[in-house]
Amino acid sequence: MDLLNYFGNSPRNVVDDSHIHKKGLTIAERHAPTKFSEFLGNYKQIQEIDHWFASHTNAIGLLVTGPIGCGKTTLVSLACKKYGKNAYVLDSSHKRTRKEMNDFFQKVKHFTNNGIIVIDDMETLVSKNDSASMSELSKWPLSENTIRVIYVTNSVYLNKMSSISTVCKTIHVEYPTSTALFSHCLSIAETEGIDLSDTQLVRLKEMI
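Residues numbered from 1 in each chain as written. Predicted model: local features only at pLDDT ≥ 70, side-chain atom pairs only at ≥ 80, totals over all residues. Heavy atoms only, no water.

A. Geometry of the environment of I68. With respect to the helices and strands, the residue I68 is situated in the loop between β1 (61-66) and α3 (72-82). Overall, the relative accessible area of 66% leaves I68 in the exposed class. Sequence separation between I68 and S155 is 87 residues; the distance between their C-alpha atoms is 8.2 Å. Leaving out residues up to four positions away in the same chain, I68 has contacts with N154 and Y175. (Helix = DSSP H or I, 4+ residues; strand = E, 2+ residues; numbered from the N terminus. Buried < 20%, exposed > 50% of the residue type's maximum accessible area, 1.4 Å probe, protein only. Contact = heavy atoms within 4.5 Å.)

B. Expanded view of the environment of G41. Following the sequence through the fold, G41 ends up in the loop between α1 (27-30) and α2 (43-54). Counting along the chain gives 133 residues from G41 to E174, while the straight-line C-alpha distance between them is 8.1 Å.

C. View of the pattern of salt bridges. Counted according to the given criterion, the structure contains five salt bridges. With its nearest N and O atoms 2.9 Å apart, the salt bridge here joins R30 to E192. With R30 in helix α1 and E192 in helix α8 (residues 178-192), this pair connects stretches of sequence that are 162 residues apart. Comparing R30 with E192, the two get one shared label, buried. (Salt bridge = Lys/Arg side-chain N within 4 Å of Asp/Glu carboxyl O.)

D. How the structure looks around the packing of α2 against α3. Direction vectors running N to C along α2 and α3 enclose 40°, while the axes themselves pass 11 Å from each other. One element, α2, and the other, α3, form an angle in the oblique class. The two elements α2 and α3 meet at a crossing, and its hand is right-handed. The residues of α3 that touch α2, namely those facing I46, I49, D50 and F53, are L75, A79, C80 and K82. (Axes fitted to C-alpha atoms, helices over the stretch in contact; angles between N-to-C directions. Parallel < 35°, antiparallel > 145°, perpendicular 65-115°, else oblique. Left-handed = near helix turned anticlockwise from the far one by under 90°.)

E. Looking closely at the pairing of strand β3 (residues 115-119). For β3, the tally of buried residues reaches five of five residues, placing the bulk of the element in the interior. In β3, alternate side chains face the same way, and those of G115, I117 and I119 on one face and I116 and V118 on the other are all buried. As paired elements, strand β2 (residues 86-90) and β3 share five bridges and run parallel to each other. Residue pairing in the sheet places V89 in a bridge with V118 of β3. Remark: the β2/helix α4 (residues 98-108)/β3 crossover connection has right-handed handedness. As paired strands, β3 and strand β4 (residues 148-154) are joined by four bridges and run parallel to one another. (Pairing = 2+ DSSP bridges. Right-handed = clockwise from strand over helix to strand, strands pointing away.)

Honestly, that's just the spatial picture; any functional story needs more than this.
As structure tokens, this is what we get:
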């Protein structure tokens, strides 16, 4: 069985455990991290993000970069959940012109206790002529009396984020190591009761 391609399919040979198996969810959905501490790998980055959230200094933003699919948005979401923050997300599904983004900031900038602005898919702002520019966003008047801001972007575009990075703590998220991935796959297989042959188990353990 191709375990790595199994995650998007319906479970087979699954142990009947109501605490683990949520009806209608894929294996990937059942085993997605639900806590900040459950995020796979990136231990140093997790500590840095944790420190940023725990800090009482609001005047500096957070720039989270990394390759596509490494979990940047998920990690930010889990951190917001841990600290009880309502994330006001502006991603590529929104029309993000200069006026609209500035108006949005003005509306939520005083929600300092339980709010946080997350500007996701920053790289799409680079390719749209009517979008707010990096320099414009970097001039938002952030202080200890305004809401905190997190910017999320693909690391390929980091060189175009210089205006943002100068007013931010920058953290680079990476893919988990192959050892961590295969170890997690083995853990999932055991939890789900997936029937692997001795040969498949040996191969998977050798990969770890």
